[in-house]
Amino acid sequence: MPARFLPPALLALPLWLACADPDGKFDEFIRRTETEPQPDAGGPLPDGGLELPSAAQVTGTYLSVVSTSINPKLPVVYTLEVTAVQQGDELELTMVDQPLSYEDRMTPVGMKSAPRTLRVTAEGSYTEVLTDVVTPGEANPVLPGAPTRADTTFNGQLASAEIDGADGPVLFWCGSLTGRLHAPLMQDITGTFTISRIVDGVFPDVVINCAKDPANPPP
Amino acid sequence: MTMNHSRFAPALALALLVALSMSATRARAAGFDTARFGSEHGHAAGSNPFAVYYNPAALTGTRRIHLAVDLSLLSHGAYYDRTETTTPPPADAVGANTGETKAIDVAPLPSLAASFRFGDFALGAGAYAPVSGQQRWQGNDDFRGNTMYPGARDGTARWHLIHGDILLAQATLAGAYHIRPARLSLGVGVSSNLMRMRIVRALAPSLDDDVSLEQRVRIEGASVVGSFSAGFMVEPLEGKLWLAASYQSPPGFYREMHLDGTVRTSLGGTVAENDSTIHQYWPDVLRWAARARPSERYELRLFGDYTRWSRLERQCVTKRSHKCDVDERGAEKSGTSLVNNQIRDWNDSFGVRAGGSYYPTARSEVFLGLGYDSNAVPDATLDPTILDGHKLSAALGGRMQLLDSFGLLASYTHIQQLERDITGKSKLDDPDIASLSRLPSGGGRYSQWFGYFALVGELTFD
């Protein structure tokens, strides 16, 4: 190569190498989609009493809906048994959940969780950290058949819960979540959750956030 | 075997590998099996330093000091018409998953080798990229600026490959000995192999091709491993007939290759990058050749190879350093370390080439060759990541001895893959396959061609 062509050739080399990087196509997609809205709690918290309900009001069986950024409209659904105990001006909640089939959102699949306890502050807020939780593949509506394993932190607000009448049972509360999915894909996740009381055995509508946006119907 | 375990990575070899990899990764759409260096004289009975790669025993046929540099320029064209989709797109995204796309590119692919013969011994060294390619499928302009389905702009091949490259760069040291009474040469070689893979493709959390859930994943991994080769060459008719065969072990010898890297995913508005390992078995190769020189004016050649691609049953991605432990359905037997398992189930393949040279003068040569390469990739697992099919090839070239110690060869080889239509035959999305081993359908029509412009300079001293 004649010497005079060498400098421009060397200058062009980094450009050539840069063009060859497949990561460029990945980043290009991120740029194209970064204006899309990110998931959040999904609207204002419901207009509740803004006072912490009593233990008796909270205790009961609920439908728990967990919606993540992987596909917000296809949540994982559980029944959730909540037992509340008054602890001074706070509440102690003991919770047991049972995953439900993604196909009908009613049939239990897999094992019930072990009871876990969390503390709700006098202001009604709570944080629940669940690590290494495996959800059976039969409950996975996004990738049916594939079990998931995740660490998730739930941030709920019980003081703004919907209550049936003045002193009736809690009907609905909600919150947001963050976490990390370890399987089947490794991915940070964000999302929302809702907890709706099952009254007289009748399952409530499956809503994914505080704004009560409906989930997609099951397959 | 990983870089830490490699026993065959001398400093010089690694330096050559690095230099070579920088060149080879520039090869866009350069195909897959690119072991064509030496042009029609690149075979198991060839008398040039590229014998280091094709058959170390043939080093005894080189000159006392022999250097060869191959400056191939590769052009490649690929065509894919995706005729079926696993999940039909909505009405406002018709054409997002089906239709035609192409990949066209040109790339340099240098190789070099040298040999030194003293008495009945010969030593050689070389650096080359027997497998190298980069493929970037064209996008779909119909979806340019579409904010509802922003992924569709990357074309109909995107569920398997948007842009990717593969490189197997090899640096070899070899030695040979000629047993004069038996007119037999024996040779062995050891190689350091740098293997690297990178792909970017579309991904839906549902592992189908649902455009409403479309995201991206980038998988990359690299490893340096050793391999060996051995061969023989016999000369039944002295100066007139040479018969040769060689064996090249798989990179990593016979153990599973582990390419450490990362998986980068974009899902639900967040990007994550995690350490990962690609698990695979690479093939070994058996080569053979017959070369006849009935007169000073003519040479005839018949040579080929048999490649055990059946070793490539899967390319499995796990979390870093975890085992790929999957059953026949591709389901993980235990644990949750599997990220993705692409079922390959390739078949052994073979190639055969026949050709000849005419020497108008003692310092000039014209040659031609015809060849056939069989198909390694079954209909069930073919996808636009790596194309293959039945291939026909033709080569035409010439060589001039410009100086007593310098000769120059120029040639063009065209390889045409016959069109394949596997509509309705893809099993990648078979519901019986476990979820993390499933991909969207690869159904459709495929074809490709390669053009190799070779310029080989040889410097010799006797």
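Residue positions are given per chain, counting from 1 as you read along its sequence in written order. Whichever chain is written first is A, and whichever ligand is written first is 1; the rest continue in order. Residue-level local features of this predicted model are given only where pLDDT is at least 70; pairs of side-chain atoms are given and counted only at 80 or more, and the full residue set underlies all totals for whole chains, interfaces and linings. Water and hydrogen atoms were dropped before computing side-chain values, which therefore reflect all heavy atoms in the structure.

> In this structure, what is going on with unusual backbone geometry? I would like to understand it.
All names here are of chain A. With phi around 60°, R105 is a residue other than glycine that occupies positive phi space. Only DSSP runs of H or I with at least four residues qualify as helices, and only runs of E with at least two residues qualify as strands; both kinds are numbered from the N terminus onward. Turning to its location among the elements, R105 is positioned in the loop between β3 (90–99) and β4 (116–120). Not every positive phi belongs to a glycine, and D200 is a case in point at roughly 55°. Within the secondary structure, D200 is located in the segment after β8 (187–197). Throughout, exposure labels follow a simple rule: accessible area from a 1.4 Å probe, protein chains only, divided by the maximum for the residue type, with under 20% read as buried, over 50% as exposed, and the rest as partly exposed. Judged by relative accessible area, which is 76%, D200 ranks as exposed.

> When you look at the interface of chain A and chain B in this model, what are you seeing that I'm missing?
Bring the parts together and some accessible area is lost; that lost area is often taken as the interface size. Contact definition: two residues touch when any of their heavy atoms are within 4.5 Å. Counting from both sides, the interface comprises 35 residues of chain A and, opposite them, 45 residues of chain B. Note: buried area is the sum, over both parts, of the accessible area (probe 1.4 Å) each one loses when the two are combined. Interface area, chain A with chain B, both sides summed: about 3700 Å², of which 60% is carbon and sulfur. Salt bridge, as used here, is a side-chain nitrogen of Lys or Arg placed within 4 Å of a carboxyl oxygen of Asp or Glu. Here chain A and chain B share five salt bridges between them. The salt bridge involving R218 of chain B is made with D23 of chain A; its shortest N-O contact spans 2.8 Å. The term polar contact refers here to a pair of N or O atoms within 3.5 Å; inside protein, the definition further demands a hydrogen-donor-capable atom paired with an acceptor-capable atom, and it admits residues adjacent in sequence only when both atoms are side-chain atoms. Where chain A packs against chain B, one counts six residue pairs in polar contact (both at pLDDT 80 or more). Taken together, the residues of the side of chain A that touches chain B sort by class into 19 nonpolar, six polar and ten charged. We call Asp, Glu, Lys and Arg charged. Ala, Val, Leu, Ile, Met, Phe, Trp, Tyr, Cys and Pro are nonpolar, and the rest, Gly among them, are polar.

> Any chance you could explain the pattern of salt bridges here in plain terms?
Residues and elements named next belong to chain A. Inspection of every chain in the model, using the stated rule, returns 40 salt bridges over all chains. When the shortest N-O distance is used, the salt bridge between D97 and R116 registers 3.0 Å. In this pair, D97 is assigned in strand β3 and R116 in strand β4, connecting sequence segments 19 residues apart. Among the residues examined, D97 registers a relative accessible area of 14% and is labelled buried.

> Honestly, the nonpolar core in this entry has me stumped. Any pointers?
Working definition of a nonpolar core: buried Ala, Val, Leu, Ile, Met, Phe, Trp, Tyr and Cys residues. They are joined through side-chain atoms within 4.5 Å. Of all hydrophobic cores here, the largest spans 76 residues; its most connected members are V58, L93, L158 and W173 of chain A together with W282 of chain B. No other element matches strand β2 (residues 76–87) of chain A, which puts five residues into this core. The next biggest cluster of nonpolar side chains, apart from the first, holds 26 residues, and it includes A44, A68, W242 and A289 of chain B.

> I'm lost on the pairing of β2 of chain A in this one. Help?
In summary, the side chains of a regular strand alternate between the two faces of the sheet. Residues and elements named next belong to chain A. For two strands to be treated as a pair, DSSP must find at least two bridges joining them. Bridge count between strand β1 (residues 60–68) and β2: seven bridges; the pairing is antiparallel. Looking across to β2, one finds that L63 is bridged to T79. Here β2 hands over to β3 after two residues, with G88 in that stretch at a positive phi of 65°.

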